[in-house]
Protein chains: 2
Amino acid sequence: MALDNPTTQAAVTTADKVFEQMLHAIVNGTIKAGSKISEPELAKNYQISRSTLREALNRLEKCHLIERKANVGSRVVECSIAGLLEIYVVREALEGMACRQAAMNMTEDEIIEMRAMLKQHASAKALRDGISYYQEEGDLDFHYKVILGSHNQQLINILCGQLYHLVRMYRCQFGMNSPRATKAFDEHSRIIEAIADRDGELAEMLMRRHIAASRQNIEKKIALQQ
Amino acid sequence: MALDNPTTQAAVTTADKVFEQMLHAIVNGTIKAGSKISEPELAKNYQISRSTLREALNRLEKCHLIERKANVGSRVVECSIAGLLEIYVVREALEGMACRQAAMNMTEDEIIEMRAMLKQHASAKALRDGISYYQEEGDLDFHYKVILGSHNQQLINILCGQLYHLVRMYRCQFGMNSPRATKAFDEHSRIIEAIADRDGELAEMLMRRHIAASRQNIEKKIALQQ
DNA sequence: GTTTTAAAAAGTGTCGACAATTATGGCGTT
DNA sequence: AACGCCATAATTGTCGACACTTTTTAAAAC
């Protein structure tokens, strides 16, 4: 499935399942950002013991979705504009480098797969009502594939394993369906071509601009609102 | 203290203390890389219950120092050349960006502090026998300060909170006292000047070259050994 | 002798209870 | 009425025991 994370393995233990449930709940705001987490209450809700719940909380903490203070408890992270911009800065650096590495390390098969995916996005875009699909899951798909294409486990872990949960949380809660759909599609195309040409330097530059453009788009929006 | 991490708060709970002990043990190789972790055995060694130990293991997992598989157990991460190079790639991207942000966001006081630190390193270097100090803790100090100077919490968390434990582990276990001491000192100086000039673009480029040079130094060494 | 199967041992996951710490609320004082 | 203090309640941290999985061991079948 598109929104499933490439790094997470199937949830076998109950703590895993509760983690996934809470993950979705936090991402889509059912568990409110900034709210305090009551261990006894949640354990009762999910019908599990506190030990199991705490195991799930530890994984949420690994994704930086909750923060814990000793002897005080856990809170869901706040969603602030400043925090969002911070994430964009990190993404610009990491995904830019991932793109450079992808240009060096992607297999021909992976490149073919990416081109096929983009073609599919293009037809979905033509359908017009498919635009929202493209923006949400399609965009994530594209970025995932580039990151995986870097073949760098550290990059993959940081980006897919933790940062992207936060990205999805912000997208959900800020309702970000930016009007950059068409533009973003063209940018994706050029990035793939740079990767296919094995031009790491260009690929990195294009990806950085692509992400920086999204960030500046948000900065502009904020400036207008004030 | 130099090697203490700026992001970790004082260890109050026993799980915290065990985490710190195990952290040091893993970093310096007392607990061998790649070895399996027996919960019952370690719990007995540290004279704590398995619950508390597992809490400590969760924090080690957050730093990517151990890896867990469901119903199987934990292993200390392996130290491979490939893994080391992967980390350098991530550092080049993240610390480069951190340096750019530092040029934008550092306060004048922080810049003064950095210059003072570098002056101290210079005198230590002049002492000759201080060289090892400069290389080990001094180098980490410099990089820490730049990262903190970015004022970007996400960057700080990823770099100081998790990646740098791995870096220290590799330094310890591979015994890396690279002969780049003098060169590195000059590079540090130029980076600080770029930050002081508020030239983010140059600062990022210099930091990336600085880290890339270290990586290439290792690649060269490896090539010679083979 | 090798492979398959089954039982036993060891290890991890989960639970409920107790201990230690922090938050709450009422009381008295200023 | 506002502030500080103490007792109580609630929450988090830790413990030991049990349930379930995986691994090991040994026997049985081929």
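Right above here is the structure, for reference.
Summary of the structure given here. (Residues numbered from 1 in each chain as written. Chains lettered and ligands numbered in written order. Predicted model: local features only at pLDDT ≥ 70, side-chain atom pairs only at ≥ 80, totals over all residues. Heavy atoms only, no water.)

Summing up its helical and strand segments, chain A has 9 helices and 3 strands in all. Reading the secondary structure of chain A in the N-to-C direction produces α-β-α-α-β-β-α-α-α-α-α-α. In chain A, buried positions account for 51% of the 226 residues. Across chain A, contacts joining residues at least 24 apart in sequence account for 78% of those joining residues at least 6 apart. Element-wise, carbon and sulfur atoms account for 50% of the exposed surface of chain A, whose accessible area totals about 10,900 Å². (Helix = DSSP H or I, 4+ residues; strand = E, 2+ residues; numbered from the N terminus. Buried < 20%, exposed > 50% of the residue type's maximum accessible area, 1.4 Å probe, protein only. Contact = heavy atoms within 4.5 Å. Areas by Shrake-Rupley, 256 points an atom, 1.4 Å probe, with all protein chains shown as cover.)

Turning our eyes to something else, we now look at the protein's contact with DNA strand D. Around DNA strand D, a shell composed of 19 residues is seen, among which Arg-50 and Arg-54 of chain A together with Thr-13, Thr-14 and Thr-52 of chain B lie nearest. Near the protein, meaning within 4 Å, the atoms of DNA strand D are sugar or phosphate in a fraction of 65%, with bases accounting for the rest. Between DNA strand D and Arg-50 of chain A, the relevant distance is 2.8 Å, taken from a base nitrogen to a side-chain nitrogen or oxygen of the residue. Between DNA strand D and Ala-15 of chain B, the relevant distance is 3.4 Å, taken from a phosphate oxygen to a main-chain nitrogen or oxygen of the residue. (Near = heavy atom within 4 Å. Polar contact = N/O pair within 3.5 Å; in protein donor to acceptor, adjacent residues only side chain to side chain.)

The next thing to look at is helix α7 (residues 153-174) of chain B. All names here are of chain B. Taking 1.5 Å of rise per residue, the 22 residues of α7 would be expected to cover 32 Å, and the 30 Å separating its terminal C-alpha atoms lies within 8% of that figure. By the largest-angle criterion, Leu-163 marks the main kink of α7, which is about 45 degrees. Of all the 22 residues making up α7, 16 are buried; the element is thus mostly covered by neighbouring parts of the structure. A side-chain oxygen of the first residue of α7 lies 2.9 Å from the backbone nitrogen of Gln-154; this N-cap is Asn-152. After α7 finishes, the residue Gly-175 shows a positive phi value of roughly 55 degrees. (Expected span 1.5 Å × (residues − 1). Bend = angle between axes of the 7 residues up to and from the residue.)

Once that is clear, we can look at the packing of helix α1 (residues 14-27) of chain B against helix α3 (residues 50-62) of chain B. All names here are of chain B. Axis separation between α1 and α3 bottoms out at 8 Å; the angle between their running directions is 55 degrees. Considered as vectors, α1 and α3 are oriented oblique to each other. The way α1 lies across α3 gives a crossing that is right-handed. Counting all contacts with α1, which are made through Thr-14, Ala-15, Asp-16, Val-18, Phe-19, Met-22, Leu-23 and Ile-26, the residues of α3 involved are Thr-52, Leu-53, Glu-55, Ala-56, Leu-57, Arg-59 and Leu-60. Among the residues making up the contact of α1 with α3, the classes are represented as 10 nonpolar, 2 polar and 3 charged. (Axes fitted to C-alpha atoms, helices over the stretch in contact; angles between N-to-C directions. Parallel < 35°, antiparallel > 145°, perpendicular 65-115°, else oblique. Left-handed = near helix turned anticlockwise from the far one by under 90°. Nonpolar A, V, L, I, M, F, W, Y, C, P; charged D, E, K, R; others polar.)

Within the secondary structure, Thr-30 of chain B sits in the loop between α1 and β1 (36-37). When its relative accessible area of 62% is taken as the criterion, Thr-30 of chain B is described as exposed.

Attention shifts here to the interface of chain A and chain B. Chain A puts 34 residues into the contact, and the matching count from chain B is 34 residues. Between chain A and chain B, roughly 2,700 Å² of surface is buried when both sides are summed, and carbon and sulfur atoms account for 54% of that area. The largest share of the area that chain A buries against chain B comes from Lys-62, Glu-86 and Gln-154 of chain A, three residues that together contribute 20% of it. Where Arg-208 of chain B meets Glu-204 of chain A, a salt bridge forms, and the shortest distance between an N and an O atom there is 2.8 Å. Taken together, the links from chain A to chain B amount to 13 residue pairs in polar contact (both at pLDDT 80 or more). (Buried area = accessible area lost by both parts, 1.4 Å probe. Salt bridge = Lys/Arg side-chain N within 4 Å of Asp/Glu carboxyl O.)

Turning next to the sheet that holds strand β3 (residues 73-76) of chain B. Residues and elements named next belong to chain B. Taking strand neighbours across the sheet as the criterion, the 3 strands line up as β1-β3-β2 in an open arrangement whose pairing is antiparallel. Each edge of the open sheet carries a strand with a single partner, namely β1 and β2 (66-69). Bridge count for β2 against β3 is 4 bridges, and the pairing is antiparallel. Within β3, the residue paired with Ile-66 across the bridge is Val-76. (Pairing = 2+ DSSP bridges.)

Turning our attention to α1 of chain B. Residue and element names in this part refer to chain B. Its 14 residues place the ends of α1 20 Å apart at the C-alpha level, agreeing with the 20 Å of an ideal helix rising 1.5 Å per residue. Every buried residue of α1 is listed here: Ala-15, Asp-16, Val-18, Phe-19, Met-22, Leu-23, Ala-25, Ile-26 and Val-27. Buried residues along α1 sit in contact with β1, α2 (39-45), α3, β2, β3 and α7. Downstream of α1 by one or two residues, Gly-29 has phi in the positive range, about 90 degrees.

When chain A is fitted to chain B, the best match, at an RMSD of 0.0 Å, comes from turning it 180 degrees and sliding it 0.0 Å along the axis. Both chain copies can therefore be described as sitting about a two-fold axis. Of the interface residues in chain A, 100% have counterparts in chain B that sit at the interface too, so the contact is made through matching surfaces. (Least-squares fit on C-alpha atoms with pLDDT ≥ 70 in both.)

Inspection of the region around DNA strand C gives 20 residues, with Thr-13, Thr-14 and Thr-52 of chain A together with Arg-50 and Arg-54 of chain B positioned closest. Of everything in DNA strand C that lies within 4 Å of the protein, sugar and phosphate atoms constitute 66%. Between Thr-13 of chain A and DNA strand C, the recorded distance is 2.3 Å, taken from a side-chain N or O atom to a phosphate oxygen. A distance of 2.6 Å separates a phosphate oxygen of DNA strand C from a polar side-chain atom of Arg-54 of chain B. Mapped by element, the contributors of at least two residues to the surface near DNA strand C are α1 (14-27) and α3 (50-62) of chain A together with β1, α2 and α3 of chain B. Among the residues forming the surface near DNA strand C, the class breakdown is 7 nonpolar, 8 polar and 5 charged.

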